[in-house]
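A closer look at the structure
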Amino acid sequence: DDDMFSSVFCENSGKLIDVHLFALAAKYYSLPSLGVCTPLEDVLEALKGNSQEATGIKPDEFMNNKKSHEVQVMSELIDIIANYCGIKQVIDIGSGKGYLSSFLSMQYNLKVYGIDSSNSNTSGAHERNRKLKKHWKAYQSRGRTNLKSQSSEKANDRPVESDIKCKTISEELLNNTNSLQSQDQVIIQDLVPSCGFTEMTTSETRTETEADLVAQTQSHESKLSEEVLAILNVLPADAVEVFSSSHCNSRELCEEEKVQRKMTSLKTKARKSSESNLYFPLTSCITAETELSDIITDLEDCMMVGLHTCGDLAANTLRIFTAKPEIKAVCSVGCCYHLLSEQFENQDECFDKVWGFPMCQYLKDKGWCCGRNARMSACLALERVAVGQMLPTESLFYRAVLQVIIEEIYGVTKSDRHVGKTFSKSSSFIDYVRRSLKKLELDDSKLPDSCIMDYYEKYKHRMNELEAFNMLKVVLAPCIEVLILLDRLCYLKEQENIAWSGLVKLFDPVKSPRCYAVIALKKQAC
């Protein structure tokens, strides 16, 4: 295979000489062609068992099409994994505005902590969640009409320890993968007891029988009251209803009536507690050394998720997952590869830092480095270009000429400042240059309009070259993304406490270009 592609570049000059063969080679080394991905359908089938489907509420009621597609697919998978592991708590890393977190809590009755480094995002998530809760019953009602045969209680129930049977991720799941995956066969026997998963005795976990309620009314009511008070202390004032119990003269009631009233009160509180849809937006910067117990005081057996975790955050999510015994599963979709830190990019950097790339020992031993240009290319969307969503050639041309101006006029070759989305706000190339110089804190008074336009005219005829060059970058993008994703998968394969790990294509790449999830399950405890 290497010999077949050896004629893509000139042996002496290193220049590209066969574009068609270059495209074929790029396709050959993309994830779909390598065969290292596990089909989503196989994962769902292996984990789902006989679990009930949720009510048919669609997130497109309150999200745009892209976000709706992502949240719907990923939330279903997360719920199935949580059911499989017998856990109720989910930690959403880089939760942003809380789209995934709020849907997980309301649709699947999971207890979700959404952690984001931006306080404005957390505040926005609080407000958005408040508004969403206000209209959630209407969404639920609409969803029930699509699934009349299923009650809302069944949709929200989660299996308890005695109901969870021996489950197996069969060899068939791994047959479609290469040697990275074929080495892993997971047999989860008596999953919850052997893993040490604990059953919560509150109404959040299950609906108790009437006999249990009558026998344990006083103790359970006391526990519930304590938990409700704890919740009220954490959530904003408008996030949870304040429960009030009826006051009566106990001397006027017989024992049977008192028991009946207590049972009715407990059922009402249990129902309201279940409907409170526990979602806690928190502000914190997550690193590889983060102690989750310092952020989440009631941390229990849980799974970590991340929908488009940016840069090093995706790598840190996997590191925390492998290091913390409480975290039983992870489902992480990364993005913003250009923001990854690289161990071998700058040799003068400190060596004790935790880097975003590489993660696995194999690439570390090789001293592998992508470089910023390659990581930038990995962010491009080949599938979108293939269906006619062309690259923004003019904005790229503006940016390229601007860089020439900055280097030749100002002598600046590197800056910590960014131009950002200046192109969309600019009325012309002159306006673009002046806005950009101000952002870079460079004096634009020394640069007359005529000089700016001279640069534009000098390079205008090369715009087609720029477009062709960027098309080649788009073609190569999946190969660079493969390297980053396989690095993360290999890191998980190197860990002794991982039962199964894989790459799974979750999303339609036209709707959501960063469509691959890294998924892993921990081994059960002996």
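Residues numbered from 1 in each chain as written. Predicted model: local features only at pLDDT ≥ 70, side-chain atom pairs only at ≥ 80, totals over all residues. Heavy atoms only, no water.

Turning our attention to the overall build of the chain. Per the secondary structure count, the chain includes 22 helices and 9 strands. Counting only residues that meet the buried cut, the chain has 48% of its 526 residues in that class. Counted over contacts in the chain with a minimum sequence separation of 6, partners at least 24 positions apart contribute 74%. Only carbon and sulfur atoms are counted for the fraction: they give 49% of the accessible area of the chain, which is about 26,800 Å². (Helix = DSSP H or I, 4+ residues; strand = E, 2+ residues; numbered from the N terminus. Buried < 20%, exposed > 50% of the residue type's maximum accessible area, 1.4 Å probe, protein only. Contact = heavy atoms within 4.5 Å. Areas by Shrake-Rupley, 256 points an atom, 1.4 Å probe, with all protein chains shown as cover.)

So, about unusual backbone geometry. For residues besides glycine, phi is generally negative; the peptide bonds are generally trans as well. The step from Phe357 to Pro358 runs through a cis peptide bond, and the omega angle for that step is -5°. By the element assignment, Pro358 lies in the loop between strand 7 (327-335) and helix 16 (361-366). Positive phi is not limited to glycine here, since Asn109 has a value of about 60°. For Asn109, the position within the fold is in the loop between helix 5 (99-108) and strand 2 (111-116). For Asn109, a relative accessible area of 10% translates into the label buried. The phi dihedral of Cys336 falls on the positive side, at around 50°, and the residue is not glycine. Along the polypeptide, Cys336 turns up in the loop between strand 7 and helix 16.

The geometry of helix 15 (residues 312-323) relative to helix 22 (residues 463-493) is characterised by a closest axis approach of 11 Å and an angle of 10° between their N-to-C directions. Here helix 15 is positioned roughly parallel relative to helix 22, judged by the angle of their axes. Along the contact surface, helix 15 presents Ala314, Leu318, Arg319, Phe321 and Thr322, while helix 22 presents Arg488, Tyr491 and Leu492. Along the lines of polarity and charge, the residues of the contact of helix 15 with helix 22 split into 5 nonpolar, 1 polar and 2 charged. (Axes fitted to C-alpha atoms, helices over the stretch in contact; angles between N-to-C directions. Parallel < 35°, antiparallel > 145°, perpendicular 65-115°, else oblique. Nonpolar A, V, L, I, M, F, W, Y, C, P; charged D, E, K, R; others polar.)

Where helix 19 (residues 393-410) contacts helix 22, the axes come no closer than 10 Å and their chain directions differ by 110°. Relative to helix 22, the element helix 19 is oriented roughly perpendicular. Mapping the contact onto sequence places Thr393, Leu396 and Phe397 in helix 19 and Met463, Leu466, Glu467 and Asn470 in helix 22. For the contact of helix 19 with helix 22, a count of residues per class yields 4 nonpolar, 2 polar and 1 charged.

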